[in-house]
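# An overview of the molecular structure
One letter stands for each residue in the lines below.
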Amino acid sequence: MKIVNSIDSLRAEMTRWRKAGERIAFVPTMGNLHQGHLRLVEVAHQHADRVIASIFVNPMQFGANEDLDSYPRTLQADCDALQQLRTDAVFTPTPDIIYPRGLAQQTFVEVPELGDHHCGASRPGHFRGVATVVCKLFNLVQPDVACFGQKDYQQLAIIRQMVADLSFPIEIIGVPTERAADGLALSSRNGYLSAEQRAIAPKLQQVLQQIKQQIQQSDTDFRQLESEAKAQLSAAGLRPDYLNISDRGTLQPADSRQQALVILAAAWLGNTKLLDNLEV
Ligand code: AMP
């Protein structure tokens, strides 16, 4: 596995692959890899001759009071895990490689209709940072295929929209969420949870499953379901940020069982934000 950390060496390697007629799959991550990320790599192998991952904790997508400095960085273990999965290359740039002009960067990618609510409402600028860095990484790697987790449902929708709007010739593959045995969606931030919080955390997915059943069984008012579910999360010791029964395509509030639905939710446990979703 090649470890590349400069743009020149990245481009040289990608050019070599492309000249050999090889199809390239890309898996962007922020590192601290778990089975969810590794699943993306496995799926990437099914769609291409070569797989490249990136590990970059992107400062642009973190707000001023968020965990940029404390975000877990485990580069050696991540590279070992990627190598075991026969990853062909990993791009590990530092922030000055990706943002050579620092905050003076003038060009950003925004997807406002999909990005302003749910996670975007409490994290202004977050999805602008995500879309901008993914756009840059796509320009650097120029993959044929890129894999993203359905765990970050809103992010996946935004990337799909960006790819369509900006005419990237890249196939986007959404990969189902990997979970612990008790249902908790795997996340790099789960490592922040105390043993007591870890025991409470699966409640988020349990509540989503329960709402799904209620929706399937009867014509209940969705706004009422949302507020009951949030009350349940609060009673279990979580602090709900949002819980929205939404239209899968637009991510706007849904009000009918005739629509293709997804329930999107985020809740705090202490200082850790848990994110999950469930399609109905
Ligand atoms: P991150 O390192 O958190 O930026 O995530 C990198 C990629 O891994 C994103 O496409 C995420 O959606 C995906 N991912 C994170 N957690 C999971 C999971 N539990 N199952 C599947 N994909 C995941």
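Attention in this report is confined to the structure presented alongside it.

Cut-offs applied
- Residues numbered from 1 in each chain as written.
- Predicted model: local features only at pLDDT ≥ 70, side-chain atom pairs only at ≥ 80, totals over all residues.
- Heavy atoms only, no water.
- Helix = DSSP H or I, 4+ residues; strand = E, 2+ residues; numbered from the N terminus.
- Rg over C-alpha atoms; globule rule 2.2 N^0.38 Å.
- Buried < 20%, exposed > 50% of the residue type's maximum accessible area, 1.4 Å probe, protein only.
- Lys, Arg positive; Asp, Glu negative; His and termini not counted.
- Charge placed at Lys NZ, Arg CZ, Asp CG, Glu CD.
- Axes fitted to C-alpha atoms, helices over the stretch in contact; angles between N-to-C directions.
- Parallel < 35°, antiparallel > 145°, perpendicular 65-115°, else oblique.
- Left-handed = near helix turned anticlockwise from the far one by under 90°.
- Contact = heavy atoms within 4.5 Å.
- Nonpolar A, V, L, I, M, F, W, Y, C, P; charged D, E, K, R; others polar.
- Salt bridge = Lys/Arg side-chain N within 4 Å of Asp/Glu carboxyl O.
- Pairing = 2+ DSSP bridges.
- Expected span 1.5 Å × (residues − 1).
- Core = buried A, V, L, I, M, F, W, Y, C linked by side-chain atoms within 4.5 Å.
- Near = heavy atom within 4 Å.
- Polar contact = N/O pair within 3.5 Å; in protein donor to acceptor, adjacent residues only side chain to side chain.
- Areas by Shrake-Rupley, 256 points an atom, 1.4 Å probe, with all protein chains shown as cover.

### Considering the overall build of the protein chain
- Helix and strand counts for the protein chain stand at 11 helices and 9 strands.
- For the protein chain, the C-alpha radius of gyration of 19 Å lies close to 19 Å, the compact-globule estimate for 280 residues.
- The C-alpha extent of the protein chain, read off along each of the three principal axes, is 55 × 40 × 40 Å.
- By residue count, 50% of the 280 residues in the protein chain fall in the buried class.
- The positive charge centre, built from 27 side chains, and the negative charge centre, built from 31, are 3 Å apart in the protein chain.

### Structural notes on the packing of helix α7 (residues 126–141) against helix α8 (residues 153–165)
- Remark: α7 packs on α8, axes separated minimally by 10 Å, with the N-to-C direction vectors making an angle of 50°. Between α7 and α8, the crossing angle belongs to the class labelled oblique. Taken as a pair, α7 and α8 cross one another with a handedness that is right-handed. In contact with Phe127, Val130, Ala131, Val134, Cys135 and Phe138 of α7, α8 contributes Gln154, Gln155, Ile158, Ile159, Met162 and Val163.
- Here the contact of α7 with α8 is composed, by residue class, of 10 nonpolar, 2 polar and no charged.

### A closer look at the pattern of salt bridges
- All told, the structure shown has 16 salt bridges when counted by the stated rule.
- Across the salt bridge formed by Arg128 and Glu110, the nearest N and O atoms sit 3.9 Å from each other. Of this pair, Arg128 sits in helix α7 while Glu110 sits in the loop between α4 (95–98) and α5 (112–115); the two residues are 18 residues apart in sequence, bridging distant segments of the chain.
- Arg128 sits in the partly exposed class, given a relative accessible area of 32%.
- We classify Glu110 as exposed; its relative accessible area is 54%.
- The residue Asp219 makes a salt bridge to Arg257 at a minimum N-O spacing of 3.1 Å. Remark: Arg257 occurs in the loop between β7 (239–247) and β8 (261–269) and Asp219 occurs in the loop between α10 (203–217) and α11 (222–235); sequence separation between them is 38 residues.
- Connected via shared salt-bridge partners are Lys2, Glu13 and Arg16.

### Here's the deal with unusual backbone geometry
- You will see that Arg86, though not glycine, has its phi angle at about 60°, which is positive.
- With respect to the secondary-structure elements, Arg86 resides in the loop between α3 (75–84) and β4 (89–91).
- A positive phi angle, near 50°, is found at His118, a position not held by glycine.

### Quick word on the sheet that holds strand β1 (residues 2–4)
- Pairing within the open sheet is parallel, and its 6 strands lie in the order β1-β4-β3-β2-β5-β6. Since the sheet does not close on itself, it has two edges, and those belong to β1 and β6 (171–175), each with one partner. Direction aside, neighbouring strands of the sheet carry axes that sit 25° apart on average.
- Both strand β2 (residues 24–29) and strand β5 (residues 145–149) contribute to a ladder of 2 bridges, which runs parallel. Residue pairing for β5: Phe26 is matched across the bridge by Ala146.
- Running over the sheet, helix α2 (residues 35–47) touches β2, β3 (50–55), β5 and β6 and is turned about 150° from β5.
- Of the strands in this sheet, β1, β3 and β4 touch α3, which is tilted by about 165° from β3.

### Examining α8
- In this model α8 runs 18 Å from its N-terminal to its C-terminal C-alpha over 13 residues, within 8% of the 18 Å that 1.5 Å per residue would give.
- Phi for Ser167, located one or two positions after α8, is positive at around 55°.

### Observations concerning the environment of Ala64
- Assignment of secondary structure puts Ala64 in the loop between β3 and α3.
- With 69 residues separating them in the primary sequence, Ala64 and Val133 have C-alpha atoms 18 Å apart.

### A look at the nonpolar core
- Within the largest apolar cluster, 43 residues are counted, with the highest numbers of intra-cluster contacts made by Ile52, Phe138, Met162 and Ile172.
- Counting only elements with at least two residues in this core, the list comes to α1 (7–19), β2, β4, α7, β5, α8 and β8.
- Sort the elements by how many residues they give to this core and α7 lands first, with 10 residues.
- In this structure, Val207, Ile211, Leu225 and Leu269 belong to the second largest nonpolar core, which totals 23 residues.

### Things to note about the site of the ligand
- The immediate surroundings of the ligand are formed by 16 residues, with His37, Gly149, Asp152, Glu178 and Leu186 found nearest.
- In this structure, Met30 approaches the ligand through a main-chain N or O atom, which is 2.9 Å from an oxygen atom.
- For the ligand, whose free accessible area comes to 490 Å², the fraction covered by protein is 92%.
- Mapped by element, the contributors of at least two residues to the shell around the ligand are β2, α2 and β5.
- Here the element with the most residues in the shell around the ligand is α2; it accounts for 3 residues.
- Grouping the constituent residues of the shell around the ligand by class yields 6 nonpolar, 7 polar and 3 charged.

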